[in-house]
Amino acid sequence: MSGKVSTGMESEVEFAALRSLTDFMLESARFQLPNFKDPERWMNRVNNNLLYYQSNYFILAILVFIIVGFLHPIQLLYGTLAISITFGLFVYITNHQNSTVKFKRDHPLVSVCIVIFAGYFIVLLLDSVAVFFFGIAFPVLLIFIHASMRLRNIKNKVANKMEIIGLKRTPMGLFLDALGQEQNMLY
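Quick caveat: nothing in here was measured; it's all calculated off a predicted structure.

Peer 1: Looking at this structure, how should I read helix α3 (residues 54-71)?
Peer 2: The α-helix winds at 3.6 residues per turn, so residues separated by three or four positions along the chain end up facing the same way. Between the first and last C-alpha of α3 there are 26 Å, a value that for 18 residues agrees with the 26 Å anticipated at 1.5 Å per step. Within α3, the full set of buried residues consists of Q54, S55, N56, Y57, V64, V68 and G69.

Peer 1: Got a minute to help me understand the packing of α3 against helix α4 (residues 73-96) in this structure?
Peer 2: The packing of two helices is summarised by the inter-axis angle and the distance between the axes. Where α3 meets α4, the closest approach of the two axes is 6 Å, and the angle between their N-to-C directions is 125°. It follows that α3 is oblique to α4 by the angle criterion. Here F65, V68, G69, F70 and L71 of α3 lie close against α4, whose contacting residues are P73, L76 and T80. The residue inventory of the contact of α3 with α4, partitioned by class, reads 6 nonpolar, 2 polar and no charged.

Peer 1: Hey, could you run me through the side chain of R45 in this one?
Peer 2: Tracing the chain through its elements places R45 in helix α2 (residues 39-52). Buried and without a salt bridge, R45 has D38 as its closest oppositely charged side chain, separated by 9.7 Å. A polar atom in the side chain of R45 sits 2.9 Å from the backbone oxygen of Q32. With sequence-adjacent residues up to four places away left out, R45 is seen in contact with Q32, L33, P34, A147, S148, M149, R150 and L151.

Peer 1: What's the story with the packing of aromatic side chains in this structure? I'm lost.
Peer 2: Aromatic ring pairs are reported here in terms of the distance separating the ring centres and the angle at which the planes meet. A complete count under the given rule lists 6 aromatic pairs for this structure. Ring plane angle 50° and centroid distance 5.8 Å describe the contact between W42 and F144, whose orientation is recorded as tilted. One end of the pair, W42, is in helix α2; the other, F144, is in helix α7 (residues 129-149), with 102 residues separating them in the sequence. Accessibility expressed as a relative area gives 19% for W42, which makes it buried. Their ring planes at 80° and their centres at 4.8 Å tell us that Y52 and Y53 sit as a pair that is edge-to-face. The class for Y52 is buried, based on a relative accessible area of 1%. Through a chain of ring-to-ring contacts, the aromatic side chains of F24, Y52, Y53 and Y57 assemble into a single cluster. A cation over a ring is seen here: R150 above F31, with NZ or CZ 6.0 Å from the ring centre.

Each value, and the rule that gives it
- Residues numbered from 1 in each chain as written.
- Predicted model: local features only at pLDDT ≥ 70, side-chain atom pairs only at ≥ 80, totals over all residues.
- Heavy atoms only, no water.
- Helix = DSSP H or I, 4+ residues; strand = E, 2+ residues; numbered from the N terminus.
- Expected span 1.5 Å × (residues − 1).
- Buried < 20%, exposed > 50% of the residue type's maximum accessible area, 1.4 Å probe, protein only.
- Axes fitted to C-alpha atoms, helices over the stretch in contact; angles between N-to-C directions.
- Parallel < 35°, antiparallel > 145°, perpendicular 65-115°, else oblique.
- Contact = heavy atoms within 4.5 Å.
- Nonpolar A, V, L, I, M, F, W, Y, C, P; charged D, E, K, R; others polar.
- Lys, Arg positive; Asp, Glu negative; His and termini not counted.
- Salt bridge = Lys/Arg side-chain N within 4 Å of Asp/Glu carboxyl O.
- Polar contact = N/O pair within 3.5 Å; in protein donor to acceptor, adjacent residues only side chain to side chain.
- Phe/Tyr/Trp six-rings, centres within 6.5 Å; stacked < 30°, edge-to-face > 60°.
- Lys NZ or Arg CZ within 6 Å of the ring centre and 35° of its normal.

Next up, the structure:
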């Protein structure tokens, strides 16, 4: 499942390996509620798990998306288009305006909330709120819960350090970097 894609940057994007079900959810997996009083450490755990289990999360999201797509295909299409357009506009605006680039870097959580709320209102106008929540937001919620509660192991820590220092670039690493989250993982 590992492959390389050239992006024209100094390093190639490499798809992360699919982690075993045993490592992801079953016997060897260890789960614990995060320390809600230390949000930096909690977000560090989430970011690192997003990087390490990104292929598993991608498959989980696709499976839920397909199930909802079979149940409500037109509404899911409207919801997907609305969110894609909103996210595309957000990336375009924030990467081509210096003040918005600074705002996105200084306030990543607020930036993500703006995208989510703008997408929500667009979907609301299209009368596809329920399908959006189940088709797109529900997998995101499942991924966030898993990434929040899954304790890291040695392989996870090594793989993440390789991503952070630039020896290995993955799609999730590029996505977190675009959201301004990658620099938060350097401690």
